[in-house]
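A closer look at the structure
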Amino acid sequence: MPDRIPDSTTKVPVNIGTTSAWEYAPAPERTPVEIEERYGLYIDGEFRSPRSRRWFETMNPATGKPLARVASANDKDVDDAVSAARKALPSWSRLGGQERAKYLFRIARRIQERARELSVLETMDGGKPIKESRDIDIPLAARHFFYHAGWADKLQWAFAGAVPKPIGVCGQIIPWNFPLLMAAWKIAPALACGNTCVLKPAETTPLTALRLAEIFEEVDLPPGVVNIVTGAGRTGQHLAAHPGFDKLAFTGSTEVGRKIAEAAAVGDRRLTLELGGKSPHIIFADAALDQAIEGIVHGIWFNQGHVCCAGSRLFVEESIQEEVIRRLEHRMRTLRVGDPLDKNTDVGAINNPEQLAKIASYVETGQSEGATLHEVNNQKLPSGGHWFRPCFLTGVQPSHVIARDEIFGPVLAVMTFRTPEEALKRANNTPYGLAAGVWTDKGARIFEMARRLEAGVIWCNTYNQFDAASPFGGIKESGFGREGGRHGLRAYVQL
Amino acid sequence: MVAHPVDAIMLEQRAASFTRRSIKEGAKKQGLRLALSMVDLTTLEGSDSPEKVRSLCRKAIRPWEGDIEQPLPSVAAVCVYPNLVPTAKEILEGTGVKIASVATGFPSGQYPLSVRLRDAAEAVAAGADEIDMVINRGAFLAGRDEEVAEEIREVRSTVHPAHLKIILETGELGNYDTIRRASDLAIEAAASTGPIRDGEIFIKTSTGKIAPAATMPAVLVMLEAIRDHWFATGVRIGMKPAGGIRRAKAALHHLAMVKETLGDDWLTPNLFRFGASSLTNDLLRQIIRLERHRYMAAHDFSEA
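Keep in mind the model is a prediction, meaning the values are calculated, not measured.

Residues and elements named next belong to chain B. Here arginine 156 is to be found in helix 7 (residues 145–159). Each C-alpha atom, one on arginine 156 and one on alanine 120, is 9.5 Å from the other, the two residues being 36 residues apart in sequence. With sequence-adjacent residues up to four places away left out, arginine 156 is seen in contact with Leu164, Ala190, Thr193, Pro195, Ile196, Glu200 and Ile201.

Residue and element names in this part refer to chain A. Residue position: arginine 327 is located in helix 12 (residues 321–332). Counting along the chain gives ten residues from arginine 327 to valine 337, while the straight-line C-alpha distance between them is 19 Å. Of the polar contacts made by the side chain of arginine 327, one reaches the side chain of glutamate 323; its length is 3.0 Å.

A few words now on the packing of aromatic side chains. What the rule picks out here adds up to 17 aromatic pairs over all chains. Both rings, one in Tyr42(A) and one in Phe47(A), keep their centres 5.1 Å apart while their planes meet at 50 degrees; by these two values the pair is tilted. Given the relative accessible area of 3%, Tyr42(A) is considered buried. Seen in terms of ring centroids, Trp459(A) and Tyr463(A) are 4.7 Å apart; in terms of plane orientation they differ by 55 degrees. Their pairing is tilted. Each member of the pair, Trp459(A) as well as Tyr463(A), carries the same accessibility label: buried. By the ring-pair criterion, three or more aromatic residues cluster together here, those being Trp185(A), Trp459(A), Tyr463(A), Phe466(A) and Phe472(A). The lysine or arginine in question, Lys247(A), covers the ring of Tyr492(A), its NZ or CZ lying 4.7 Å from the ring centre. Between Arg326(A) and the ring centre of Phe231(B), over which it is positioned, the NZ or CZ distance is 3.9 Å.

So, on to the sheet that holds strand 5 (residues 65–71) of chain A. Residues and elements named next belong to chain A. Taken in spatial order, the three strands of this open sheet run 1-5-4, and their pairing is mixed. Two strands bound the open sheet, and with one partner strand each, they are strand 1 (38–39) and strand 4 (55–60). The pairing of strand 4 with strand 5 spans six bridges and is classified as antiparallel. Its bridge partner lying in strand 5, glutamate 57 is registered against arginine 69. Those strands touched by helix 4 (residues 115–126) are strand 4 and strand 5, and its axis lies near 100 degrees from that of strand 4.

Criteria and thresholds
Residues numbered from 1 in each chain as written. Chains lettered and ligands numbered in written order. Predicted model: local features only at pLDDT ≥ 70, side-chain atom pairs only at ≥ 80, totals over all residues. Heavy atoms only, no water. Helix = DSSP H or I, 4+ residues; strand = E, 2+ residues; numbered from the N terminus. Contact = heavy atoms within 4.5 Å. Polar contact = N/O pair within 3.5 Å; in protein donor to acceptor, adjacent residues only side chain to side chain. Phe/Tyr/Trp six-rings, centres within 6.5 Å; stacked < 30°, edge-to-face > 60°. Buried < 20%, exposed > 50% of the residue type's maximum accessible area, 1.4 Å probe, protein only. Lys NZ or Arg CZ within 6 Å of the ring centre and 35° of its normal. Pairing = 2+ DSSP bridges. Axes fitted to C-alpha atoms, helices over the stretch in contact; angles between N-to-C directions.

The values reported here are purely geometric and, on their own, carry no functional implication.
Written out as C-alpha cells, the structure is:
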C-alpha cells in the first residue's frame, strides 16, 4: 500500500457549505430602449401630429414617472385614419393571400428580431414582469402573425365550400393588460383576410403598438393598411361611433363593451366583443394538488391579475380546503413582487392608479362583508409606483361583491363545495362566461364538468394556456366572437 | 398511504420555470460554492482502482490546488463501491468529508435480500458514513409495496446510525405518479423504523446507470414529497439528484428549485446533495472565472 499523502493537503480546515440564506441578487434586464419624447398618430403610413393638437403622458407604473408624450386623437384624426384605411382597402384586398402572407411573415420575423426591445418597452409601459413580456407576450404576438400568415393564402380551405371575402375597414380597440399581444390578436387575422384597420391602443400602454407601427414601416406595409390612433376613452368613442367602419372589435371591460355595442348598433356593421370575466377554478379532492396550486397561482397572480380570464373564484372541495390553503400560502411566500424589469420578478406593478384604488376598495369591501384576508407574502414593496400585494380571501360567500365583480387585480376569492353539482351551480352563478378551470384526476368528471360549465374556454388540469391556433372568447356577458384559430378568422371574412 | 396524483403538464411547466431564474453576481458566487459543498464526488465503475479513489478523495478535500482568494469548501462526500471504502477512509478520516458507499446490490438490486443486507452491513463496517441503497424496483413495479417497505426498514436498521440514501431509480418508474408513490413509500418506510433526525434519510433519484436520470420534473416531484412529510411531521428528509447534472448552471437551477419548494433550510449539504462527478470541474471553472474573469482550460483541473 502506498504512503498516505502528506498531511498538508489532507488536513485543511473543511468548510461544509454556507449556512446563511441564499437570496437572488438583483437581475435587471439592461437592454437599452430608446423612447422618443413624443409620438404622433400613425396614419396612412406616416407618423403625424394630431389635428387635436393635444398630447397626453404615458407613465411607467413601477416608478410613477412619465415615459413619453403621446398624441390624443380627436374625431377629425379618427376620420383621417378611417379614410386612409378605406383608401388602402381595394389594393390590399386584391393583393391576394400569397402576397399578404409575405407581409405577415415579415412582421412576425421583425417582432422576433426586436423581441428584447419590445419586451422591455412592454414592461416599462405596462408594469408586467419582464419574464412575462419576454416569455409570453412578445413570442405569442409573433406567433399570431406567423399563424395568420399561414392562413392568408388558404382561406378557402378554412371555410369549405365558401368563397371568403374581406369585411372591409375594421375598428379595433384594445386594453392595457396585454398591449402588443392584443394588437397582434386584432391585426393579424384582419390583414390575413384582406381587411384594413384602425387600431386604438389603451391610453396607459400605447408604446408597443407604436413600435409595431415602426415595424410596419420597416417591412413596407402599404400605407393605410394599418393605422394606429392613440388616446383615451373619448378617442374610443369617436372610433365606435364612426360610420366608416364595416366591423368593430373590442377587448376590454363589460361596462365599456355595452357602450360600444350600443354605438355599433347602426348600419351594417359587424361586432365582436371580448369582455370581462369572473372565471371559476374548481378543485376536486382527487386533483394533482401541487399542480392545481400552480394553476391557481398562474390563474390569478399572472400579470398582477390583470387578465380577463383570471381564475378569480376558487372553488375547493371542502375536505381539502385546509390542505389547499396551507400549500397556497407556502407557495405565495415564494412569489417575488417588485421591479418589473428584474428577471426574477413574479408579480409586477399595478397598471394605473385608478385600477389600484379599485382593487384596494374591493379588498376592503370583501373584509367588511366578513371575508378573511390572507396576505402572507410579506416582501417589501418598492416605493414609488403602484403596487398591490398578491392575496386571497377565505370565508367568501357567493353573494359577496368580491365573488361577483371582476376585480382585475391579484385578489382571489376562495369558496368551498361538497358535490360536483354544487360546484357547477356556484361556478355558473355569474353573469360572465369567459373561462373556467377544472382540476381532477378523474377523466369522466372532466368531460362532465366541461360540458356543463358555462364558459367560452375551459382548461382541464391546467390554466391560462394560449396559442394562436386555439380560439379564445366568451359567452354570456363576457362577449361574443372568437379570436385565434379558424374560429377567429370567421370574424374577419364575409362568406 | 394517501395517493398524491401528479399531472405532467403543470409539473413540467413549474420545473422549467426554475431554469428561467436569473442567478447573478453575489447570488451566483454563493450558489456555486454552495453547490460545490453539496457534491457527492462519485466514481462507480468496474475499473475503479484504489489510486483513482485516492485521487478523488484528495480532490474532495481540496477541489482545486490553485490560488484562490476565498478558500474553496470541500465537497460533501466521496461515493464509491463498498470494496473501496477502506481506501477512501485512509484519506478522508477526520477531514469532515463523508464516505458514502452504494450497497444493497447496486445498481440493479436483483439479489436475495440477505445478500443485499450483508452488502450494506459490510460497507458500514468498513467505515462508510452513508449508504446509498437501491429499492427493489421489481417488487415495487409489481405492486408489492409492503415488501419494498419492509426491505427499506431492514436496510435502515442494518446501517443505522450511518445515514441512508434511498435510490428510487426514477428512470425505471415510468411516470411521475409512480415517482411520487415511490418517494412517499420510501420516506414512510424509513420513518417507521423510529424517530429520525433531519438529514438522516435522503431520497435519491438514480443510480446514474439508467437514462433518464435526474430530470428537473422528477426531482420536483420528490421535493414535493419531502415537503409534505415535513408539513406532516416537522422532519426534514434530504434530497439527492444523481446522474445527468453536469453543468454549474443546472446545479444553480436545482438550488432555485429547492429554495422555492422547500425553503432555505434545505440549502445545506446536510439536506441536499448532488450525485455527480463532472459537475465538480464545471463548478470550479465558473467559480474561478468569477474571480479571474477568464475560463481555465479543462487540463487545469484534476480528473473528477
